[in-house]
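Residue strings, one per chain:
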Amino acid sequence: MPIDAAKALAAEPRSAEITWDHKDIQLYHLGLGAGVPATDPDELRYTLESKLHVLPSFATVAGAGMGVVGGLSSPGIEVNLAAVLHGGQSITLHRPIPVKGKATTTSKVAAVYDKGKAAILVLRTEVADAEGPLWTSDAQIFVRGEGGFGGERGPSTRLPAPDGEPDKVVERAVRQEQALLYRLSGDWNPLHADPEFAELAGFDRPILHGLCTYGMTLKAVVDTVLGGDVSRVRGYSTRFTGIVFPGETLRIRMWRSEGRVQVAVTAVERDDAPVLADTIVEHV
């Protein structure tokens, strides 16, 4: 059987040392579209080393991480990468991410769910430095054709639709070269750069990384609702529901409630096609 849930869950966690500094942070922020206008004081917090702070979604690329592909090489998991989709992502912040860091990342398969025609793997990564825990992240990986093994279905991630009109709506343009810049933070999948590879995958041109959309969305929420203060973010989760092409525009709708912002993201040029759903930013 390609997925042996018991073996995957019993496997020893894998650890590695990671480091990052201001150049990694700046490159990541630029890959999200930060720096426009270049002299805007609000944007300089993302681009100028003397004023730099760290958007919490940097956790998904810090030290290039072990990543989704690394998690799929865990004992008990043998799957065709062509059948793999990144279904969702969550981050819990234990404290703000420093501009320069050295930490230990520990990764494991935290759960395996049986959805019938597909399996869902939860790949958990915990990161700590000398001062203690920094963040915990979960990647939910959807593997087509690997369900039906009799496991638990797992919890539903669907959220009730928010009431009323959104409190804030902003639009963020995706630059034509943005995927080429974002991939320099560590995701070298040719799907995001090579037109021939994208065609083989069923797309007429390369698509934007889902985690780039994820980061762009968090930046929009921080800038629009949280006064630009990244330290207020305590958690961030989403479900990936659609693709984005470079050159398109994201429409980001935000509903505020006590301690959290619910978000929906769509692609403007494709009749508001869903991109991110069930998205929550928890904050203080």
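Whatever comes next refers back to the structure up there.
Structural notes, computed from the coordinates.

Conventions adopted
- Residues numbered from 1 in each chain as written.
- Predicted model: local features only at pLDDT ≥ 70, side-chain atom pairs only at ≥ 80, totals over all residues.
- Heavy atoms only, no water.
- Helix = DSSP H or I, 4+ residues; strand = E, 2+ residues; numbered from the N terminus.
- Expected span 1.5 Å × (residues − 1).
- Buried < 20%, exposed > 50% of the residue type's maximum accessible area, 1.4 Å probe, protein only.
- Salt bridge = Lys/Arg side-chain N within 4 Å of Asp/Glu carboxyl O.
- Core = buried A, V, L, I, M, F, W, Y, C linked by side-chain atoms within 4.5 Å.
- Contact = heavy atoms within 4.5 Å.
- Pairing = 2+ DSSP bridges.

This paragraph deals with helix H7 (residues 210–224). Spanning 15 residues, H7 covers 21 Å between terminal C-alpha atoms, matching the ideal 21 Å at 1.5 Å per step. Burial within H7 is extensive, with 12 of its 15 residues counted as buried. Among the residues of H7, those classed as buried are Leu211, Cys212, Thr213, Tyr214, Gly215, Met216, Thr217, Leu218, Lys219, Ala220, Val221 and Val222.

A few words now on the pattern of salt bridges. This structure, assessed with the given rule, holds 14 salt bridges. Here Glu248 makes a salt bridge to Arg270, at a shortest N to O gap of 2.7 Å. With Glu248 in the loop between strand E7 (233–240) and strand E8 (249–257) and Arg270 in the loop between strand E9 (260–267) and strand E10 (273–283), this residue pair connects regions lying 22 residues apart in the sequence. Assessed through its relative accessible area of 6%, Glu248 is described here as buried. Salt-bridge contacts for Arg251 lead to Asp272; the nearest nitrogen and oxygen are separated by 2.7 Å. Of this pair, Arg251 sits in strand E8 while Asp272 is found in the loop between E9 and E10, placing the two residues 21 residues apart along the sequence. Relative accessible area serves as the criterion here: at 19%, Arg251 is assigned to the buried category. We classify Asp272 as partly exposed; its relative accessible area is 24%.

Residues Trp20, Phe58, Ile97, Trp135, Val222, Ile252 and Met254 are the most contacted members of the largest nonpolar core, which totals 51 residues. By residue number, the principal contributor to this core is H7, which donates 8 residues. Aside from chain neighbours lying at most four places away, what touches Ile252 is Lys168, Val169, Val170, Arg172, Thr217, Ala220, Val263, Ala264 and Val265. The next biggest cluster of nonpolar side chains, apart from the first, holds 15 residues, and it includes Ile3, Ala5, Ala8 and Val109.

Moving on: the environment of Ala38. Inspection of the secondary structure puts Ala38 in the loop between helix H2 (22–31) and helix H3 (41–47). Ala38 sits 234 residues away from Asp272 along the chain, and the two C-alpha atoms are 29 Å apart.

So, on to unusual backbone geometry. Note the cis peptide between Val36 and Pro37, where omega equals -5°. Of note, Pro37 is situated in the loop between H2 and H3. The phi angle at Asp272 is positive, at roughly 55°, despite the residue not being glycine. Unlike most non-glycine residues, Asp278 shows phi in positive territory, near 50°. By secondary structure assignment, the location of Asp278 is in strand E10. You can call Asp278 buried: its relative accessible area is 15%.

For the rest of this paragraph, the subject is the pairing of strand E3 (residues 101–114). Note: strand E1 (residues 14–20) against E3, 7 bridges, orientation antiparallel. Residue pairing for E3: Ile18 is matched across the bridge by Ala103. As defined by bridge partners, E3 adjoins strand E4 (residues 118–129) across 10 bridges and the pair is classed as antiparallel. Counterpart to Ser107 in the pairing with E4 is Thr125. Here E3 folds back onto E4, and the loop between the two strands holds 3 residues, one of which, Gly116, carries a positive phi near 90°.

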